[in-house]
Amino acid sequence: MYFDPRLWQFTKGVRARIAFTVFLGVISSAFGVARLAMLGWLLGLVFQGAAWSEIALLGMATAVVILLRGVLEYIRTMVAHRTAAKVQLHLRATLYDKIVELGPAYFGHKRTGDVLVTLVNGVEHLEIYFGQYLPQFFVAAVTPFVIFICVAWLSLWVAVVFLAAALITLIAPIAFHRWDDKNSRRWSKAHGDFAAEFLDS
């Protein structure tokens, strides 16, 4: 996972909303673990030939857990989307203020298409970062420990293996990002140049 401190500074004023989104994500993950456990329990009862009433009761409880998880995910998505919109609004205002500060003379030597691409497409692409990636980054950092707590009372060794695997999946993308950073910047520059050429033409 990759965290950019430069982009984090633009979340000032909406960090409580991000924290709420993360809280909903962690609770949703806990419901996801509960759903899997209950489905396993339900299958166990079926194979053991348990009474229909017992199976039906557990089946209804599992359905309620699945429904609650869906509701939590919907609320989390909507809050995250609105948070991203607020951050984008602040970011655009900051960029426009900087443009006014630079003045028209600066843009006499700069391609307007390149600037417009940054103001429109560049900020628009950040919606995914602020609305989906950033909250999920914190959820992904906390969830392995929630799963560890849930599984540890069944088997400590299995919980340790799960935690180790989860931490590896968190750390590995950082190495990949550093390796792919130059390619990403090159793609971004090429995309900006192409869009500027198209718009100016």
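Residues numbered from 1 in each chain as written. Predicted model: local features only at pLDDT ≥ 70, side-chain atom pairs only at ≥ 80, totals over all residues. Heavy atoms only, no water.

**Details of the overall build of the protein**
- Along the backbone of the protein there are 5 helices and 0 strands.
- Counting helices and strands in the order they occur from the N terminus, the protein gives α-α-α-α-α.
- The C-alpha radius of gyration of the protein comes to 23 Å, more than 25% above the 17 Å expected for a compact globule of 201 residues.
- Considered along the principal axes of its C-alpha atoms, the protein spans approximately 80 × 30 × 30 Å.
- In the protein, which comprises 201 residues, the share counted as buried stands at 29%.
- Pairs at least 24 apart in sequence give 77% of the contacts found in the protein among residues at least 6 apart.
- When the accessible surface of the protein is totalled, it reaches about 13,300 Å², and 72% of it is carbon and sulfur.
- Both charge centroids of the protein, one from 18 positive and one from 13 negative side chains, sit 5 Å from each other. (Helix = DSSP H or I, 4+ residues; strand = E, 2+ residues; numbered from the N terminus. Rg over C-alpha atoms; globule rule 2.2 N^0.38 Å. Buried < 20%, exposed > 50% of the residue type's maximum accessible area, 1.4 Å probe, protein only. Contact = heavy atoms within 4.5 Å. Areas by Shrake-Rupley, 256 points an atom, 1.4 Å probe, with all protein chains shown as cover. Lys, Arg positive; Asp, Glu negative; His and termini not counted. Charge placed at Lys NZ, Arg CZ, Asp CG, Glu CD.)

**Some points on the nonpolar core**
- Counting 16 residues, the largest nonpolar core has Leu126, Tyr129 and Phe130 as the members making the most contacts within it.
- Of all the secondary-structure elements, those providing two or more residues to this core are α2 (15-48), α3 (52-107) and α4 (112-152).
- Among the elements that take part in this core, α4 stands out by supplying 7 residues, more than any other.
- When neighbours within four sequence positions are excluded, Tyr129 is seen to be in contact with Phe3, Asp4, Leu7, Leu134 and Pro135.
- Listed in part, the 6 residues of the second largest apolar core include Leu42, Leu45, Leu58 and Val65. (Core = buried A, V, L, I, M, F, W, Y, C linked by side-chain atoms within 4.5 Å.)

**Some words on α2**
- Helix length check: α2, at 34 residues, gives a terminal C-alpha distance of 49 Å against a target of 50 Å (1.5 Å per residue), a fit within 8%.
- Turning to α2, its buried residues number three or more, namely Ile18, Thr21, Val22, Leu24, Gly25, Val26, Ser28, Ser29, Gly32, Met38, Leu42 and Leu45.
- Taken from the residues just after α2, Gly49 is the one with a positive phi, measuring 75 degrees. (Expected span 1.5 Å × (residues − 1).)

**Details of the confidence of the model for the protein**
- Predicted confidence across the protein gives a mean pLDDT of 82, with 92% of residues reaching 70 or more.
- When mean pLDDT is compared element by element in the protein, α2 scores highest at 88, while helix α5 (residues 156-200) scores lowest at 77. (pLDDT = per-residue confidence, 0-100.)

**Some words on the pattern of salt bridges**
- Counted according to the given criterion, the structure contains 2 salt bridges.
- Note that Glu73 and Arg76 form a salt bridge whose closest N and O atoms lie 3.0 Å from each other. With a gap of 3 residues between them, Glu73 and Arg76 both fall in helix α3, about one helical turn apart.
- A relative accessible area of 24% places Glu73 in the partly exposed class.
- What makes Arg76 buried here is its relative accessible area of 13%.
- Ionic pairing is found between Glu101 and Lys98, a salt bridge with its closest N-O pair at 3.5 Å. Here Glu101 pairs with Lys98, and both are found in helix α3, just 3 residues apart, close to one helical turn. (Salt bridge = Lys/Arg side-chain N within 4 Å of Asp/Glu carboxyl O.)

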